[in-house]
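Structural overview
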Amino acid sequence: MPSERVGIGDIEPGTRHDNQTIHPFSRIGGKTLTKKHKPTILIVDDEEGVLATLTAFLTREGFDVVTASDGPSAIDRFSSCSVDLVITDVRMPIMDGLELTRRIKEMDGEVEVIILTAYASMENAISAMRENGAFEYLPKPIGDLNALVNTVEKALTLRTLKRENKNLLRNLRSKKTELENANANLLKEIENRKKAEKDRERLIVELKKALEEIKTLRGIVPICSECKKIRDDRGNWVRMESYIEKHSEASFSHGMCPTCFKKNFGDEEWYADVLKDMGWEKKCGEDSEQNE
């Protein structure tokens, strides 16, 4: 059986035309509305009877309702409280509904506006919806309350989706910024590591070169013809063995050659015995002949 069109005057308090009790909890955008999350609707009309009727009906449907009788008052109410949806008449004194719609959309682009008009021509509908950002228009007087409720729920669902998309976009931008910062830090860390690696390789080359220079005796070494000391790069005269040990990998164990042994201890009584024990008799003789 087709649905019966029912107007505001045909509804008894506490009932709907399908015999279901009007409950102060509805579902908007797939979510159950509770007293803590009831949307607020601003109704704007210069006719007190329309304001009273729509207020009573939408309140029974589970919405919070605030009202205004003209455009400037509506803007004041909109600025002073959190409004989720605006329902406004198109023909009003001081400021018409189209101008009010434009002003409200400038204040909050996420709030949807439903236009009520007794002049439901195509031109008015296009002007309201396209030029001023209205969500939908409904003819006045309202002959079908279900149409009003369905339009209200669609408008609130769209507002919810806009908010969710806005939050999602904000989160995505935040994550993008975090990723960009992390990527920049990573690139900086990679660059620092590359630089540190190059510095390390350069230092290794320099150390190897310095080590080779330190351990290799090159060029002319100034040496004293008398005491055999060597002048270092600082101008100091040092013992030959100290200089060689410093500039090479060689080390020294001190002793005495046969010639020097004879020169220093040849007159000692024990000299011949030590020379014989060490097997230096022949060596000392040869060294003496060479020195002569």
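Please read all numbers here as calculations on a predicted model, not as lab measurements.

**Brief notes about the overall build of the protein chain**
- The number of helices and strands found in the protein chain is 9 helices and 9 strands.
- Counting over 292 residues, the protein chain shows a buried share of 29%.
- Excluding contacts between residues fewer than 6 apart, the proportion of contacts in the protein chain whose partners are at least 24 apart in sequence is 56%.
- Roughly 19,900 Å² of accessible area belongs to the protein chain as shown, and the carbon and sulfur atoms make up 51% of that amount.

**Some words on the sheet that holds strand S3 (residues 40-44)**
- If you walk across this open sheet you meet the 5 strands as S4-S3-S5-S6-S7, and the pairing is parallel. Only two strands of the sheet have a single partner each, and these edge strands are strand S4 (64-68) and strand S7 (136-139). Across the sheet, the axes of successive neighbouring strands diverge by a mean angle of 20°, strand direction being ignored.
- Of the pairings in the sheet, the one linking S3 to strand S5 (residues 85-89) comprises 4 bridges and is parallel in character. Pairing of Val44 across the sheet is with Thr88, part of S5.
- In the packing of helix H2 (residues 71-80) onto the sheet, contacts are made with S3, S4 and S5, and the angle to S4 comes to roughly 145°.
- Running at roughly 175° to strand S6 (residues 112-117), helix H3 (residues 97-107) makes contact with S3, S5 and S6 of the sheet.

**Notes on the packing of H2 against H3**
- Where H2 meets H3, the axes come as close as 10 Å, and the angle between the chain directions of the two elements is 20°. Judged by the inter-axis angle, H2 sits roughly parallel to H3. As for how H2 packs across H3, the hand of that crossing is right-handed. Counting all contacts with H2, which are made through Gly71, Ala74, Ile75, Phe78 and Ser79, the residues of H3 involved are Leu100, Arg103, Ile104 and Met107.

**Remarks on the pattern of salt bridges**
- Per the counting criterion, the structure on display carries 18 salt bridges.
- The residue Lys140 makes a salt bridge to Asp45 at a minimum N-O spacing of 2.7 Å. One end of the pair, Lys140, is in the loop between S7 and helix H5 (145-215); the other, Asp45, is in the loop between S3 and helix H1 (48-60), with 95 residues separating them in the sequence. As far as the burial class goes, Lys140 and Asp45 line up, both buried.
- The shortest N-O distance in the salt bridge between Arg102 and Glu99 comes to 2.3 Å. Within this pair, Arg102 and its partner Glu99 are both found in helix H3, separated by 3 residues, close to a single helical turn.
- Through salt bridges that share partners, Asp45, Glu47, Asp89 and Lys140 make up one connected network.

**Here we look at the nonpolar core**
- Counting 20 residues, the largest nonpolar core has Ile41, Leu58, Ile87, Leu148 and Val152 as the members making the most contacts within it.
- Contributing elements (two or more residues each) for this core: S3, H1, S5, S6 and H5.
- The greatest single-element share of this core, amounting to 6 residues, is contributed by H5.
- If we ignore the near neighbours within four places in the chain, the residues touching Leu148 are Leu54, Phe57, Leu58, Ile87, Leu138 and Ile142.
- Counting 19 residues, the second-largest nonpolar core is a separate cluster that includes Leu42, Phe78, Val90 and Ala134.

**A word on the confidence of the model for the protein chain**
- In this model, the protein chain carries a mean pLDDT of 77, and residues with pLDDT of at least 70 account for 75%.
- Throughout residues 1-35 the model reports pLDDT below 50, and contacts reaching past four residues in sequence, or to other chains, amount to 55 contacts.

**Some points on H2**
- All of the buried residues along H2 are Gly71, Ala74, Ile75 and Phe78. Angular distribution of buried residues about the axis of H2 spans 100°; they occupy a single face of the element. The exposed residues of H2 that point more than 90 degrees off its buried face are Asp76 and Ser80.
- As for H2, its buried residues are in contact with S3, S4, S5 and H3.

**Overview of the environment of Asn132**
- Locating Asn132 in the fold gives a position in the loop between helix H4 (122-131) and S7.
- Taking relative accessible area as the criterion, Asn132 reaches 12% and is therefore assigned buried.
- Separated by 28 residues in the primary sequence, Asn132 and Ile104 place their C-alpha atoms 9.6 Å from one another.

**A look at the environment of Leu138**
- Mapped onto the secondary structure, Leu138 falls in strand S7.
- Residue classification places Leu138 among the buried positions, given a relative accessible area of 11%.
- Leaving out residues up to four positions away in the same chain, Leu138 has contacts with Ile114, Ile115, Leu116, Thr117, Leu148 and Thr151.

**Let's talk about the side chain of Glu112**
- Mapped onto the elements of the fold, Glu112 is located in strand S6.
- Using a relative accessible area of 3% as the deciding quantity, one classes Glu112 as buried.
- Among the polar contacts listed, one links the side chain of Glu112 to the side chain of Lys162, at a separation of 2.5 Å.
- Not counting residues up to four positions away in its chain, the partners in contact with Glu112 are Asp84, Leu85, Val86, Lys105, Gly133, Phe135, Ala155, Leu158 and Lys162.

Cut-offs applied
Residues numbered from 1 in each chain as written. Predicted model: local features only at pLDDT ≥ 70, side-chain atom pairs only at ≥ 80, totals over all residues. Heavy atoms only, no water. Helix = DSSP H or I, 4+ residues; strand = E, 2+ residues; numbered from the N terminus. Buried < 20%, exposed > 50% of the residue type's maximum accessible area, 1.4 Å probe, protein only. Contact = heavy atoms within 4.5 Å. Areas by Shrake-Rupley, 256 points an atom, 1.4 Å probe, with all protein chains shown as cover. Pairing = 2+ DSSP bridges. Axes fitted to C-alpha atoms, helices over the stretch in contact; angles between N-to-C directions. Parallel < 35°, antiparallel > 145°, perpendicular 65-115°, else oblique. Left-handed = near helix turned anticlockwise from the far one by under 90°. Salt bridge = Lys/Arg side-chain N within 4 Å of Asp/Glu carboxyl O. Core = buried A, V, L, I, M, F, W, Y, C linked by side-chain atoms within 4.5 Å. pLDDT = per-residue confidence, 0-100. Arc of directions from axis to C-beta. Polar contact = N/O pair within 3.5 Å; in protein donor to acceptor, adjacent residues only side chain to side chain.

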